[in-house]
Amino acid sequence: MKIKFWEDVFKVDSTFLFGTNPNKTVTEYEHLFEKNWSILDVGCGDGKNSIYLANRSYKVDAFDISETAISKIKRISERDNLKINTQIASVENFEFEKRYDLIMSFGVFHFVNKEDWKSFVKKMKDNTNVGGVNIIQIFTDDIPPTPDIAPYAIGMAKDGEIKELYANWEIIEFSSYTFEEEHQDFPLHKHASNKLVARKKV
């Protein structure tokens, strides 16, 4: 899934698609993370979360379907002497080779067939260490996708659907909400979203 506007931003090292600061959920829950944690950033885009965490000495693996995005992360990592293990891969073909303490995915799964992202969530859970955390943000179909992403938004979730998949974990946070955003060539608009923060029980 490659959207031209995204790819254009991925080419520029000084600009990040969704801003330079990490997702606020990362900073809000960072107090749960141990310094020796191994982290996987699923569909990392141009890497604002991975770069933030690598700067704080976490062990970070990251993958994205966009070669342009991965190239950008590599350039920034080399420039700033950061260690981020990157890979060009999709949710459908990524292979877990180890377990992680934190696996996070922001705004990715609704661009993947529902059957595929649900299968990947199962792999996420299986490959999370006991006591580890999964963070997921996904668009729901309470609000139809905007025309710019509608052709790609093939896996929109039902409200609460992601929470049901973590019924056997400790739910630290689940929220259902709408938010507004605007970006190049597209006016202010709304999305419906679910956010889940869950911890694997001992």
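Located above this text is the structure these notes cover.
Residues numbered from 1 in each chain as written. Predicted model: local features only at pLDDT ≥ 70, side-chain atom pairs only at ≥ 80, totals over all residues. Heavy atoms only, no water.

### Some points on the packing of aromatic side chains
Using the criterion set out here, one finds 11 aromatic pairs in the structure. Judged by centre distance (4.3 Å) and plane angle (10 degrees), the rings of F63 and F94 are stacked. Of this pair, F63 sits in strand β2 (residues 59-64) while F94 sits in the loop between β3 (84-88) and β4 (100-106); the two residues are 31 residues apart in sequence, bridging distant segments of the chain. Here the two residues F63 and F94 agree in accessibility, since each one is buried. Linked through ring pairs, F63, F94, F96, Y100, F109, W117 and F120 together constitute an aromatic cluster. (Phe/Tyr/Trp six-rings, centres within 6.5 Å; stacked < 30°, edge-to-face > 60°. Helix = DSSP H or I, 4+ residues; strand = E, 2+ residues; numbered from the N terminus. Buried < 20%, exposed > 50% of the residue type's maximum accessible area, 1.4 Å probe, protein only.)

### Structural notes on the nonpolar core
F33, L53, L102, M104 and I135 are the most contacted members of the largest nonpolar core, which has 25 residues in total. Elements with a contribution of two residues or more to this core: α3 (48-55), β2, α4 (67-80), β4 and β5 (128-139). Tallying contributions element by element places α3 first for this core, with four residues. (Core = buried A, V, L, I, M, F, W, Y, C linked by side-chain atoms within 4.5 Å.)

### As for α4
In this model, α4 (14 residues) spans 20 Å end to end at C-alpha, consistent with the 20 Å of a helix rising 1.5 Å per residue. Turning to α4, its buried residues number three or more, namely A69, I70, K72, I73, I76 and S77. Mapping the buried residues of α4 onto a view down its axis gives an arc of 155 degrees, with all of them on the same face. Across from the buried face of α4, at angles greater than 90 degrees, the exposed residues are E78 and R79. In the segment just after α4, N81 is the residue with positive phi, at about 55 degrees. (Expected span 1.5 Å × (residues − 1). Arc of directions from axis to C-beta.)

### Here we look at the environment of S38
Relative to the helices and strands, S38 is located in strand β1 (residues 38-42). Placed 64 residues apart in sequence, S38 and L102 show a C-alpha to C-alpha distance of 6.6 Å. In this view, S38 contacts K59, K98, R99, Y100, D101 and L102; residues no more than four positions away in its chain are not counted. (Contact = heavy atoms within 4.5 Å.)

### Observations concerning the pattern of salt bridges
With the rule as written, the count across this model stands at 10 salt bridges. Where K72 meets D46, a salt bridge forms, and the shortest distance between an N and an O atom there is 3.2 Å. One end of the pair, K72, is in helix α4; the other, D46, is in the loop between β1 and α3, with 26 residues separating them in the sequence. Using a relative accessible area of 5% as the deciding quantity, one classes D46 as buried. Two residues, K122 and D126, come together in a salt bridge whose shortest N-O distance is 3.0 Å. Placement of both K122 and D126 in helix α5 (residues 114-126) is noted, with a separation of four residues, approximately one turn of the helix. For K122, a relative accessible area of 53% corresponds to the exposed category. Shared partners join several salt bridges into a network, and the residues in it are K114, K118 and E161. (Salt bridge = Lys/Arg side-chain N within 4 Å of Asp/Glu carboxyl O.)

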